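One letter stands for each residue in the lines below.
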Amino acid sequence: MKEVNQQFDVATNFVGMLEKDDNMSPGIAAIKTLLMVLEKTKFDTVQEFHSTIQAAVGAMRKTDKPMTSVVSGTELFSRFITLAKFDDKTMDEVREIMLSRGKMFLEKLLESRNVIAKQAITFISEGCRILTHARSRTVREALILAAQNNKRFHVFVTHSAPDHHGEQMVSELEKAGIDCTLILDTAIGYVMETVDMVLVGAEGVVESGGIINRIGTVTMAICAREMKKPFYALVESFKFCRLYPLNQRDLPNEYKYNQKNLKDTAKVHPMVDYTPPGYITLLFTDLGILAPSAVSDELIKLYL
């Protein structure tokens, strides 16, 4: 395996990107980091490339950042850039092809939120009341775009313990001129009967069409189902992951807990939970508006 340039620390670069840009998804930061690895490392064989990429992904997985989109995004990135035919190419030419394809892949992903927002705003009607959970960057972009299209609506945002990301979400939406109410996580049932829809983001979409998202999402989904409110998830396709959990325990611990808590998970709460597809009305993605049952077909296409 080739060593990455010693001046380039994969984990430090990955974490630094996320700390510098609060709007960046961990999955996007991971892909940008892999592109830097590709630029800074020369390979003698394609096998050496795979080994180096795996080592870089391993370094990022040891950080305390959310891992779901990192794993799915880097898998799709590696798959996409190696689809070209390399039989008659030198390794320098192969590397340039991979870099070109990698930059094309990233450019497409960076447009995902805008594509999703344009789909979602058609479902946001004048005067409607929306409930959302914590701080989803994709949901925020959709709501701001709807406001820019002169739609007036009210958003209820959960506080989202323990990191209270809901406070930041409310601040960002209010700056865009959107009426908001910050609510307790335990007030979901009280507020649900007054809203018209639920919009949430996701850290990952699994093969069944269910989602992995901030802890408390499944509670909100169950409540929405019981009160017959549509539950929509807004999520980029690079977060589609090859997992098929049947319950909460089936989620990998590295997705549910910070790295420092993995040794003793019995005494800490998980950061995410799994919402089964039966509670999800539709998924708004850059691949289109999907029913949960369509996700498995889209995953097959992504990995062909």
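Basis of the calculations
Residues numbered from 1 in each chain as written. Predicted model: local features only at pLDDT ≥ 70, side-chain atom pairs only at ≥ 80, totals over all residues. Heavy atoms only, no water. Helix = DSSP H or I, 4+ residues; strand = E, 2+ residues; numbered from the N terminus. Buried < 20%, exposed > 50% of the residue type's maximum accessible area, 1.4 Å probe, protein only. Contact = heavy atoms within 4.5 Å. Areas by Shrake-Rupley, 256 points an atom, 1.4 Å probe, with all protein chains shown as cover. Lys, Arg positive; Asp, Glu negative; His and termini not counted. Charge placed at Lys NZ, Arg CZ, Asp CG, Glu CD. Expected span 1.5 Å × (residues − 1). 1 Å grid on protein atoms, 1.4 Å probe; cavity = no way out; pocket = protein on both sides within 12 Å on 5 of 7 lines; lining within 4 Å. Points joined across faces, edges and corners; volume = space filled by probe spheres on them. Nonpolar A, V, L, I, M, F, W, Y, C, P; charged D, E, K, R; others polar. Domains from an automatic or database assignment. Phe/Tyr/Trp six-rings, centres within 6.5 Å; stacked < 30°, edge-to-face > 60°. Lys NZ or Arg CZ within 6 Å of the ring centre and 35° of its normal. Buried area = accessible area lost by both parts, 1.4 Å probe. Pairing = 2+ DSSP bridges.

**Digging into the overall build of the protein**
Next, step 1: A tally of regular secondary structure across the protein gives twelve helices and ten strands.
Next, step 2: Each of the three principal axes of the protein carries a C-alpha extent, and together these read 60 × 45 × 35 Å.
Next, step 3: Looking at the protein residue by residue over its 304 residues, the buried ones come to 51%.
Next, step 4: When contacts within the protein are restricted to residue pairs at least 6 apart in sequence, those whose partners lie at least 24 apart make up 75%.
Next, step 5: Accessible surface, the protein as shown: approximately 14,400 Å² in total, 50% of it carbon and sulfur.
Next, step 6: Here the protein contributes 36 positively and 38 negatively charged side chains, and the mean placements of these two sets differ by 0 Å.

**What to know about the environment of Leu83**
Next, step 1: Mapping Leu83 onto the fold places it in the loop between helix H4 (68–81) and helix H5 (91–110).
Next, step 2: According to the relative accessible area criterion, Leu83 is partly exposed, its value standing at 42%.
Next, step 3: For Leu83 and Asp44, which are 39 residues apart along the polypeptide, the C-alpha to C-alpha distance reads 18 Å.

**Topic: H4**
Next, step 1: Relative to the 20 Å expected for 14 residues at 1.5 Å per residue, H4 spans 21 Å between its end C-alpha atoms, a close match to the ideal helical length.
Next, step 2: Burial of H4 is extensive: eleven of the 14 residues sit out of reach of the surface.
Next, step 3: The complete set of buried residues in H4 reads Thr68, Ser69, Val70, Val71, Ser72, Gly73, Thr74, Leu76, Phe77, Ser78 and Ile81.

**A few points about the layout of surface pockets**
Next, step 1: In this structure, the largest pocket spans a volume of roughly 810 Å³.
Next, step 2: For the largest pocket, the lining is made up of 39 residues, of which Pro66, Arg137, His165, Glu203 and Arg214 are closest to its centre.
Next, step 3: Elements represented by at least two residues in the lining of the largest pocket include exactly helix H1 (10–20), H4, helix H7 (137–148), helix H8 (165–175), strand E6 (211–214) and helix H11 (253–256).
Next, step 4: Class assignment of the residues belonging to the lining of the largest pocket gives a composition of twelve nonpolar, 13 polar and 14 charged.
Next, step 5: Counting contributing residues, the lining of the largest pocket receives three or more from each of domain 1 (10–112) and domain 2 (114–303).
Next, step 6: Of the voids in this model, the second largest pocket is the one considered here, and its volume is about 280 Å³.
Next, step 7: Residue lining of the second largest pocket: 15 residues in total, with Leu76, Phe80, Phe105, Lys108 and Leu302 positioned closest to the centre.
Next, step 8: Of all the secondary structure elements, the ones that give two or more residues to the lining of the second largest pocket are H4, H5 and helix H12 (295–303).
Next, step 9: The greatest single-element share of the lining of the second largest pocket, amounting to four residues, is contributed by H5.
Next, step 10: A domain-level breakdown of the lining of the second largest pocket finds at least three residues from each of domain 1 (10–112) and domain 2 (114–303).

**A closer look at the packing of aromatic side chains**
Next, step 1: Enumeration according to the criterion identifies six aromatic pairs in this entry.
Next, step 2: Ring geometry for Phe123 versus Tyr232: centroids 5.4 Å apart, planes at 75°, classification edge-to-face. Note that Phe123 is positioned in the loop between helix H6 (112–120) and strand E1 (129–132) and Tyr232 in strand E7 (residues 231–234), a separation of 109 residues in sequence.
Next, step 3: The class for Phe123 is partly exposed, based on a relative accessible area of 30%.
Next, step 4: When its relative accessible area of 9% is taken as the criterion, Tyr232 is described as buried.
Next, step 5: Grouping aromatic residues by their ring pairs yields a cluster made of Phe77, Phe80 and Phe105.
Next, step 6: A cation over an aromatic ring shows up here: Arg101 above the ring of Phe80, its NZ or CZ 4.3 Å from the ring centre.

**Description of the domain arrangement of the protein**
Next, step 1: Taken domain by domain, the protein comprises domain 1 (10–112) and domain 2 (114–303).
Next, step 2: Each of domain 1 and domain 2 has a C-alpha centre, and these two points are 26 Å apart.
Next, step 3: Counting from both sides, the interface comprises 23 residues of domain 1 and, opposite them, 24 residues of domain 2.
Next, step 4: When the two sides are added together, the surface that domain 1 and domain 2 hide from each other amounts to roughly 2,100 Å², 49% of it contributed by carbon and sulfur.

**Observations concerning the sheet that holds E6**
Next, step 1: One open sheet accounts for three strands, arranged E5-E6-E8; its pairing is antiparallel. In this open sheet, the two edge strands, each paired with only one partner strand, are strand E5 (204–205) and strand E8 (272–275).
Next, step 2: Looking at chain direction, E6 and E8 are connected through four bridges and run antiparallel. Within the sheet, the bridge partner assigned to Ile211 lies in E8 and is Thr275.

**As for the environment of Leu76**
Next, step 1: Position of Leu76 among the secondary structure elements: in helix H4.
Next, step 2: Sequence separation between Leu76 and Pro245 is 169 residues, and the spatial gap between their C-alpha atoms is 20 Å.
Next, step 3: Excluding residues within four positions of it along the chain, Leu76 makes contact with Phe105, Ser237, Phe238, Phe240, Leu302 and Tyr303.

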